[in-house]
Amino acid sequence: MPQPAAIYFGLCYRDAVKMVDWLVEAFGFEKHAVFLSDDGSKVVHAELRLGEGIVMFGSGEGTDFAKLVKTPSELGGTTASPYIATDDIDARCERARKAGAVITLEPTDTSYGSRDFICKDPEGHVWCFGTYRPGPAPA
């Protein structure tokens, strides 16, 4: 029987080797898989897990993926932002702040019942954290 589809997102970092540990420290991800280049200077592919979600990323140069995806500094911004549905928004915000994330939206209660905060990582990717979770899929 085929498995149901799952959505993961991928990012590109200039210094992906450094960002592996930063994302663990700042956001509480767990290392699931990290594959380095032979000389250890580049991330060929990394997977970090938070609950059931996984973020995948790699180095911004020297990989096939990097030929297709750009870092925020190359773009002068970003075109996508991961949303992490989780609890303990205030504590997560403080953890991110202590690790050096730039908090662009302090923890806020929304009109649709979520508590959110938004931040930028050291390379400019925008991360949204909130308590909102979509309802079940229609039958």
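One numbering rule holds for all chains: residues counted from 1, following each sequence as written. In view of the model being predicted, local features appear only for residues whose pLDDT reaches at least 70, and side-chain atom pairs are presented and counted only at 80 or more, with totals across whole chains, interfaces and linings using the full set of residues. No hydrogens and no water enter the side-chain calculation; it runs on all heavy atoms of the structure.

> Explain the sheet that holds strand β8 (residues 126-130) to me, and be specific about the residues and the numbers.
For two strands to be treated as a pair, DSSP must find no fewer than two bridges joining them. Helix and strand assignments follow DSSP, with helices taken as H or I runs no shorter than four residues and strands as E runs no shorter than two, numbered in order from the N terminus. Read from one edge of the open sheet, four strands run β5-β8-β7-β6, paired in mixed fashion. Edge positions in the sheet fall to β5 (83-85) and β6 (102-109), since each has one partner strand and no second. Taking the axes of each pair of neighbouring strands and ignoring which way they run, one obtains an average angle of 15° across the sheet. One ladder, built from five bridges, connects β6 with strand β7 (residues 115-120); its direction is antiparallel. All axes are obtained by fitting lines to C-alpha atoms, using only the stretch in contact for helices, and the reported angles, taken between N-to-C directions, cover 0 to 180 degrees.

> Describe the pattern of salt bridges, naming the residues involved and giving the relevant values.
The term salt bridge refers to a pairing of a side-chain nitrogen on Lys or Arg with a carboxyl oxygen on Asp or Glu at a separation within 4 Å. Inspection of the entire model under this criterion finds six salt bridges. Taking the shortest distance from any N to any O, the salt bridge between Asp-90 and Arg-115 comes out at 2.8 Å. Highlighted residues: Asp-90 in helix α3 (residues 89-99) and Arg-115 in strand β7, separated in sequence by 25 residues. Note on exposure labels: buried denotes an accessible area under 20% of the residue type's maximum, exposed denotes more than 50%, and partly exposed covers the range between, all computed with a 1.4 Å probe on protein chains only. Residue class for Asp-90 comes out partly exposed when judged on its relative accessible area of 39%. Given the relative accessible area of 24%, Arg-115 is considered partly exposed. The partner of Arg-115 in a salt bridge is Asp-109, with the nearest N and O atoms 3.0 Å apart. Ionic contacts of the salt-bridge type, sharing partners, join the residues Asp-90, Asp-109 and Arg-115 into one network.

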